[in-house]
Amino acid sequence: MAAAMASTAAKGAISVRHARASRASLLPVSSSISLRSVSSRQVSLFLGRPLRQPFDPRPLQISRSRSVQIVTATAAADAKPTVLVAEKLGEAGLELLREFSNVDCSYNLSAEELCAKISLCDALIVRSGTKVTREVFEAAKGRLRVVGRAGVGIDNVDLQAATEHGCLVVNAPTANTVAAAEHAIALLAAMARNVAQADASMKAGKWQRNKYVGVSLVGKTIAVMGFGKVGSEVARRAKGLGMHVIAHDPYAPVDRARAIGVELVSFDEAISTADFLSLHMPLTPTTSKIFNDESFAKMKKGARIINVARGGVIDEDALVRALDNGTVAQAALDVFTVEPPPKDSKLVLHENVTVTPHLGASTIEAQEGVAIEIAEAVVGALKGELAATAVNAPMVPAEVLSELAPYVILAEKLGRLAVQLVAGGHGIKGLKVVYTSSRNPEDLDTRLLRAMITKGIIEPISDVFVNLVNADFTAKQRGLRISEERISHDGSPEDPIESIQVLLSNVESKFASALSETGDIKVEGRVKDGIPHLTLVGSFSVDVSLEGNLIFCRNIDQPGMIGRVGSILAEKNVNVNFMSVGRTGPRKQAIMAIGVDEEPDKESLKKIGEVPSIEEFVFLKL
Ligand SMILES: NC(=O)C1=CN([C@@H]2O[C@H](COP(=O)(O)OP(=O)(O)OC[C@H]3O[C@@H](n4cnc5c(N)ncnc54)[C@H](O)[C@@H]3O)[C@@H](O)[C@H]2O)C=CC1
Ligand SMILES: O=C(O)C(=O)COP(=O)(O)O
């Protein structure tokens with residue numbers, strides 16, 4: 001047989017294909033290969049820890065309407081995931097969740113109660129009232145896969161801790177935009193006309209028409225601080241009220257501002273020229289207490305401030321001082337540094353301050369919308385689809401994901417193979433990935449592939465779970481430097497990738513033939529008819545489908561080698577599913593790559609090692 005194969009190619013790969021039915025048969029069946037399809041291998045696109053906590057037996061569905069991210073695996077059993085809803089969520093969202101999961105609505109949990117429950121949950125849904133801290137992720141013990149923020153601001157979620165734990169965070173960024181903008185306008189008008197104060201006064205039996213004379217809005221300048229979704233809607237509405245609108249946002253596109261007829265200005269110009277300031281930036285380390293003594297001092301005397309963003313962007317003590325000395329005439333606040341604020345808060349009790357208890361998103365319409373938006377995102381993420389609203393992971397559009405699906409499998413398997421070829425397996429520092437592709441670099445998004453190679457390398461040698469969320473973090477933490485190279489290929493741009501090569505540098509190999517000329521462990525693979533194949537080991541070309549497990553043997557090319565190894569495997573009923581020989585030339589050094597469905601026992605492996613002329617061999621689990 002080796003002779004027959006030897007005539008096929010010189011240094012190239014020679015494949016001997018076996019029909020699946022022929023258990024460990026060595027008879028080549030040249031054309032009748034029946035490999036399972038990618039989808040039936042249940043390589044789903046999945047966020048979870050499926051091998052440890054499988055639950056979704058359904059086939060992969062990729063939603064076209066949203067972006068998708070992650071990740072691998074073999075979903076199996078039938079248990080439904082559990083979603084903990086920790087704050088009030090609209091009924092329509094709960095219904096969606098119930099169709100797919102066990103829903104536990106437990107509101108007003110203390111931090112301790114949340115930590116106690118979380119290890120029983122696959123997903124957690126919160127609004128602004130729940131702090132999802134590092135302790136929560138640690139208490140989850142690896143089970144929590146998705147945190148859904150039913151709203152925009154994710155300042156109550158420890159994103160770094162989520163990422164480190166491979167937990168995806170999604171939010172619902174659009175459904176409450178109008179509600180928040182309308183609330184800002186409501187506060188603007190109410191503040192300008194003392195509506196709340198006058199109402200309280202009348203209810204106290206008074207009729208104080210002179211005390212509550214207000215100020216007009218028309219012709220006044222309003223500075224929208226943070227020109228994002230809510231800020232833009234506020235700007236539109238303020239223009240409708242006849243106000244002159246300026247905005248400050250270092251990251252906002254000038255075109256968007258121009259389209260609405262708003263001038264983007266610097267922070268100092270905004271605060272020094274505005275009669276009204278409406279705050280719509282997120283709370284970040286940069287924006288924390290950005291409104292402080294210094295900035296209040298620069299404001300136009302008697303400025304009025306509306307805050308429907310986050311309490312923390314204002315230094316509240318400084319605001320009290322500014323209100324007391326008249327720099328700021330009035331404030332209307334929906335949000336506070338601590339919520340609820342202390343009962344004796346000077347700010348809340350200040351007569352020139354109008355307050356609402358974080359009601360910006362609280363309309364019937366917005367809450368239904370947010371509930372549906374977050375339920376879809378969470379269910380999608382649990383299914384392995386991915387929300388367009390992921391906060392802590394790069395997004396890979398659905399179309400790209402669908403196209404890359406077989407390459408995702410190939411990437412993980414190449415990573416797995418490469419790491420198992422390392423002697424010891426722990427000292428890997430340098431990973432180089434070379435993609436050969438006929439696509440323009442900008443048309444080839446390799447983040448998912450890189451994550452999957454990292455997964456393949458790290459998971460077999462640690463107990464860390466790796467997905468697209470934490471792949472780069474995990475690699476960095478383990479000191480794994482990853483470099484990527486693209487080689488352009490003169491082929492059809494229909495196929496995104498011609499081949500993927502994985503090189504591990506500065507490591508010893510337990511299979512010396514896997515080393516390249518430069519001493520790196522080198523494996524290369526391609527996708528053929530949707531099936532990932534290994535095509536290169538070290539400098540030997542092979543062609544073996546990456547299914548089941550693999551045995552590599554290096555030997556001197558001579559008749560009968562395949563038969564001898566095959567017989568040893570057949571004795572123990574180990575089914576060979578694919579076999580390929582790569583060699584430097586007839587009767588010279590050769591590598592046999594043998595795909596086996598089952599794991600051969602130690603005795604069989606020992607016997608293979610004892611076959612004369614087998615110089616080295618290795619068994620690798622895929
Ligand atoms: N009170 C409530 O119930 C609600 C509050 N919000 C809050 O409103 C804020 C805005 O929400 P969206 O408009 O949906 O978010 P967004 O992300 O669409 O807009 C935020 C804008 O702030 C800008 N920004 C960032 N840093 C800035 C800085 N230093 N100075 C000025 N601008 C800066 C960003 O470039 C972005 O354009 C968020 O903090 C959100 O949590 C949103 C909905 C309801
Ligand atoms: O979406 C936001 O950022 C909000 O502040 C809304 O908060 P809530 O969901 O009403 O607790």
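Residues numbered from 1 in each chain as written. Chains lettered and ligands numbered in written order. Predicted model: local features only at pLDDT ≥ 70, side-chain atom pairs only at ≥ 80, totals over all residues. Heavy atoms only, no water.

Per an unreviewed UniProt entry, the protein carries the name D-3-phosphoglycerate dehydrogenase and comes from Acorus calamus. The annotation that UniProt attaches to the protein under Pathway (unreviewed entry) is "Amino-acid biosynthesis; L-serine biosynthesis; L-serine from 3-phospho-D-glycerate: step 1/3." For the record of the protein, the UniProt heading Catalytic activity (unreviewed entry) holds the text "(2R)-3-phosphoglycerate + NAD(+) = 3-phosphooxypyruvate + NADH + H(+)". (UniProt positions renumbered as here; feature names shortened; annotations may be inferred.)

Asker: What's the story with the site of ligand 2 in this structure? I'm lost.
Answerer: Neighbouring residues of ligand 2: R127, S128, R149, A150, G151, V152, G153, N176, R310, H358 and A361. Between ligand 2 and the protein, one listed contact pairs an oxygen atom with a side-chain N or O atom of R127 at 2.7 Å. Within the complex, 91% of the 310 Å² of free accessible area of ligand 2 lies under protein. Here the shell around ligand 2 is composed, by residue class, of three nonpolar, five polar and three charged. (Near = heavy atom within 4 Å. Polar contact = N/O pair within 3.5 Å; in protein donor to acceptor, adjacent residues only side chain to side chain. Areas by Shrake-Rupley, 256 points an atom, 1.4 Å probe, with all protein chains shown as cover. Nonpolar A, V, L, I, M, F, W, Y, C, P; charged D, E, K, R; others polar.)

Asker: Quick question: what am I supposed to make of the sheet that holds strand β9 (residues 244-248) here?
Answerer: The strands that make up a sheet are held in pairs by hydrogen bonds between backbone atoms, and each pair lies either parallel or antiparallel. Reading across from one edge, β10-β9-β8-β11-β12-β13-β14 is the order of the seven strands in this open sheet, with parallel pairing throughout. With one partner strand each, in any of the chains shown, β10 (263-264) and β14 (353-355) form the two edges of the open sheet. As paired elements, strand β8 (residues 221-225) and strand β11 (residues 276-279) share four bridges and run parallel to each other. In the sheet register, I222 faces β11, and the bridge partner there is F276. (Pairing = 2+ DSSP bridges. Helix = DSSP H or I, 4+ residues; strand = E, 2+ residues; numbered from the N terminus.)

Asker: Looking at this structure, how should I read the site of ligand 1?
Answerer: Taken together, 25 residues form the shell around ligand 1, and within it K229, V230, D249, V308 and D334 come nearest. At 3.3 Å from an oxygen atom of ligand 1 is found a main-chain nitrogen or oxygen belonging to G153. Considering ligand 1 on its own, with 850 Å² of exposed area, one finds that the protein chains cover 88% of that surface. Residues that form the shell around ligand 1 fall into these classes: 12 nonpolar, nine polar and four charged.

Asker: Would you take a moment to explain the pattern of salt bridges for this structure?
Answerer: For side chains bearing opposite charge, pairing can occur when the charged atoms are close. Evaluation of the coordinates by the stated rule reveals 33 salt bridges. One salt bridge in this structure joins D104 and K117, with 2.6 Å as the shortest N-O distance. Remark: K117 occurs in helix α3 (residues 111-118) and D104 occurs in strand β4 (residues 102-105); sequence separation between them is 13 residues. Residues E603 and K572 are paired through a salt bridge, measuring 3.1 Å at the closest nitrogen-oxygen approach. Residue E603 is found in helix α19 (residues 602-610), and its partner K572 is found in the loop between α18 (561-571) and β23 (576-583); the two are separated by 31 residues along the sequence. Overall, the relative accessible area of 33% leaves K572 in the partly exposed class. One network of salt bridges, with partners in common, ties together E571, K572, D601, E603 and K607. (Salt bridge = Lys/Arg side-chain N within 4 Å of Asp/Glu carboxyl O. Buried < 20%, exposed > 50% of the residue type's maximum accessible area, 1.4 Å probe, protein only.)

Asker: Sorry if this is basic, but what is going on with the packing of helix α6 (residues 177-192) against helix α8 (residues 229-240) here?
Answerer: To describe two helices that pack against each other, one gives the angle between their axes and the distance between the axes. Where α6 contacts α8, the two axes come as close as 8 Å, and the packing angle between them is 50°. As the angle between them shows, α6 and α8 are arranged oblique. The handedness of the crossing between α6 and α8 is right-handed. Here T177, V178, A180, A181, E182, A184 and I185 of α6 lie close against α8, whose contacting residues are K229, V230, E233, V234, R237 and A238. Of the residues belonging to the contact of α6 with α8, the class tally is eight nonpolar, one polar and four charged. (Axes fitted to C-alpha atoms, helices over the stretch in contact; angles between N-to-C directions. Parallel < 35°, antiparallel > 145°, perpendicular 65-115°, else oblique. Left-handed = near helix turned anticlockwise from the far one by under 90°. Contact = heavy atoms within 4.5 Å.)

Asker: Is there a simple way to explain the confidence of the model for the protein in this structure?
Answerer: If pLDDT is low for a region, its predicted coordinates should not be looked at in detail. Per-chain confidence: the protein averages 85 in pLDDT, with 87% of residues scoring 70 or above. A low-confidence stretch, residues 1-77 (pLDDT under 50), is modelled with 228 contacts involving residues beyond four sequence positions or located in other chains. (pLDDT = per-residue confidence, 0-100.)

Asker: Would you explain the nonpolar core in this entry?
Answerer: Here is a general trend for soluble globular proteins: nonpolar side chains tend to be buried in one another's company. In terms of nonpolar packing, the biggest core is built from 54 residues, with L421, I500, L504, L534, L550 and F552 touching the most fellow members. With 10 residues, the single largest contributor to this core is helix α15 (residues 398-420). Excluding its chain neighbours within four sequence positions, the residues that come into contact with L534 are L414, L417, V523, E524, G525, V542, D543, V544, L546, L550 and F552. Counting 29 residues, the second-largest nonpolar core is a separate cluster that includes V265, A270, V313 and V353. (Core = buried A, V, L, I, M, F, W, Y, C linked by side-chain atoms within 4.5 Å.)

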